[in-house]
Amino acid sequence: MKEEYIPFVDELIELAIREDIGDGDHSSLACIPHDQRGRMKLLVKQDGILAGVEVARRVLRRLDPEVKFEQLLEDGTRIKPGDIAFYVEGRLISLLQAERILLNIMQRMSGVATQTAVYVKELEGLKTKVLDTRKTTPGMRVLDKIAVKLGGGENHRMGLFDMVILKDNHIDFAGGILKAIPLTREYLKAKGKDIPIEVEVRSLDDIRDVFAAGGCDRIMLDNFTPELTREAVKLIGGRAEIESSGGITLKNLREYAECGVDFISVGALTHQIKSLDLSLKAC
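Here the structure is a predicted model, which means the values were calculated and not measured.

Cut-offs and rules
- Residues numbered from 1 in each chain as written.
- Predicted model: local features only at pLDDT ≥ 70, side-chain atom pairs only at ≥ 80, totals over all residues.
- Heavy atoms only, no water.
- Helix = DSSP H or I, 4+ residues; strand = E, 2+ residues; numbered from the N terminus.
- Buried < 20%, exposed > 50% of the residue type's maximum accessible area, 1.4 Å probe, protein only.
- Contact = heavy atoms within 4.5 Å.
- Areas by Shrake-Rupley, 256 points an atom, 1.4 Å probe, with all protein chains shown as cover.
- Lys, Arg positive; Asp, Glu negative; His and termini not counted.
- Charge placed at Lys NZ, Arg CZ, Asp CG, Glu CD.
- Axes fitted to C-alpha atoms, helices over the stretch in contact; angles between N-to-C directions.
- Parallel < 35°, antiparallel > 145°, perpendicular 65-115°, else oblique.
- Left-handed = near helix turned anticlockwise from the far one by under 90°.
- Pairing = 2+ DSSP bridges.
- Right-handed = clockwise from strand over helix to strand, strands pointing away.
- Core = buried A, V, L, I, M, F, W, Y, C linked by side-chain atoms within 4.5 Å.
- Phe/Tyr/Trp six-rings, centres within 6.5 Å; stacked < 30°, edge-to-face > 60°.
- Lys NZ or Arg CZ within 6 Å of the ring centre and 35° of its normal.
- Nonpolar A, V, L, I, M, F, W, Y, C, P; charged D, E, K, R; others polar.

1. Describing the overall build of the chain
If you tally the helices and strands in the chain, you get eleven helices and twelve strands. For the chain, the spread of C-alpha atoms along the principal axes amounts to about 75 × 40 × 25 Å. The buried share among the 283 residues of the chain stands at 50%. Contacts in the chain between residues far apart in sequence, at least 24 positions, make up 70% of those at least 6 positions apart. Working note: accessible area of the chain is about 14,300 Å², and carbon and sulfur atoms make up 50% of it. Averaging the locations of the 41 positively and 45 negatively charged side chains of the chain gives two centres separated by 1 Å.

Structural data, given as structure tokens:
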């Protein structure tokens, strides 16, 4: 996990603890002796890609630093039913308090990683990389982005702060590409910001305007057909990175990649996923 992600992850863990445990896990406190110890295992019940082990470790450490964590499988491992990702041992109340929190995190992260791996496999042998988007569950973006990487995909920008993307609304409100790009460069210079600029285009004429306005780091081809994409790649001629976006599914993903684009962004990696079936069981 990247160092810069840790504060976001720890903040999310704190929120998860507050919303789930509140003033106490009364189910466990009512019937489990305070000092009773036990052992549990993270059991895999579905094929996929494992993600969230490191986050689960942080959840347990936050609730009880004395819990022993025996890791068997690494994040990013391809898993199958019956696999055991890790064992945990310690006070049973601590383990039971952590159970649903770490499962919710790991099941979602593993679902994202598993879905991403399907898209990545579809592009096997090609230079094109699959990107995630900002279509993430509010507050969980860092975990979604980590999971995409574990599934073999690449992260787009983290948020609005680390990359400029001039999308259709920005361009329309600014008065067109020929105005939006120079205004953006002036703004970044004034702020002392050195971040990439990407421009969304809707036609070949838009691409010509991008270069007439001084160019950019990446051009996003929005809702282009494969035929138009091939023309756009030729027109751009290596002067900027190329990203395809909009209307792209698993069925036509490879067709777009074969047009020669560098990236394909897919919102479905994080907003149309199925959580993977995992459970924390006594052993």
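2. Looking at the packing of helix H8 (residues 204-212) against helix H9 (residues 226-236)
The contact between H8 and H9 brings their axes to 10 Å, and the two run at 20°. The orientation of H8 with respect to H9, classified from their angle, is roughly parallel. Both H8 and H9 take part in a crossing whose hand is right-handed. Every residue of H9 that contacts H8 at Leu204, Ile207, Arg208 and Phe211 is listed here: Leu228, Glu231, Ala232, Leu235 and Ile236.

3. What to know about the pairing of strand S9 (residues 218-222)
Across the five residues that make up S9, a large majority, five, are buried. Along S9, one buried face is formed by Arg218, Met220 and Asp222 and the opposite face, lined by Ile219 and Leu221, is buried too. Taken together, the four bridges between strand S8 (residues 197-201) and S9 define a ladder with parallel strand orientation. Residue pairing in the sheet places Val199 in a bridge with Ile219 of S9. One crossover worth recording links S8 to the parallel S9 by way of H8, and it is right-handed.

4. Let's talk about the nonpolar core
Grouped together as the largest cluster of nonpolar side chains are 87 residues, with contacts concentrated most on Phe86, Leu102, Val199, Ile207, Ile219 and Leu221. In terms of residues, this core owes the most to one element, helix H4 (residues 92-122), which gives 14 residues. With residues near it in sequence (within four places) discarded, Ile219 still touches Glu198, Val199, Val201, Ile207, Val210, Phe211, Ile236, Ala240, Glu241, Ile242 and Glu243.

5. Things to note about the packing of aromatic side chains
A full pass over the atoms with the stated rule returns one aromatic pair. The ring of Tyr87 has Arg39 sitting right over it, with the charged end atom 4.1 Å from the ring centre. Sitting over the ring of Phe263, Arg218 keeps its end group 4.1 Å from the ring centre.

6. Here we look at the sheet that holds strand S5 (residues 84-91)
Pairing in this open sheet of four strands is antiparallel, and the strands run S3-S5-S1-S12 from one edge to the other. Looking at strand neighbours, the two that pair on one side only are strand S3 (68-71) and strand S12 (278-282), the edges of this open sheet. Averaged over all neighbouring strand pairs, the angle between strand axes comes to 20°, with direction disregarded. As judged from the six bridges shared by strand S1 (residues 37-44) and S5, these two strands associate in the antiparallel manner. Each bridged residue has a counterpart across the sheet, and for Leu43 the counterpart in S5 is Ile84. Against the sheet, H4 contacts S1, S5 and S12, and its axis sits at roughly 155° relative to S5.

7. Notes on unusual backbone geometry
If a residue is not glycine, its phi is most likely negative; likewise, a peptide bond is most likely trans. We note that Asn223 has phi near 60°; this positive angle belongs to a residue other than glycine. Looking at the secondary structure, you find Asn223 in the loop between S9 and H9. Overall, the relative accessible area of 51% leaves Asn223 in the exposed class.

8. Re the packing of helix H7 (residues 177-191) against H8
Relative orientation of the contacting elements H7 and H8 amounts to 35°, with a least axis distance of 9 Å. As H7 packs across H8, the resulting crossing turns out to be right-handed. The segment H7 lies against H8, with Ile177, Leu178 and Ile181 engaging Asp206, Asp209, Val210 and Ala212. Class assignment for the residues of the contact of H7 with H8 results in five nonpolar, no polar and two charged.

9. Thoughts on the environment of Ile6
By the secondary structure assignment, Ile6 is in helix H1 (residues 6-21). Each C-alpha atom, one on Ile6 and one on Gly215, is 35 Å from the other, the two residues being 209 residues apart in sequence. With near-sequence residues (within four places) excluded, Ile6 lies in contact with Met1 and Arg58.

10. As for the environment of Phe69
With respect to the helices and strands, Phe69 occurs in strand S3. Here Phe69 falls in the buried class, since its relative accessible area comes to 17%. As a C-alpha pair, Phe69 and Tyr87 span 18 residues in sequence and 6.0 Å in three-dimensional space. Dropping the residues within four chain positions of it, Phe69 is found in contact with Val53, Ala56, Arg57, Leu60, Phe86, Tyr87 and Val88.

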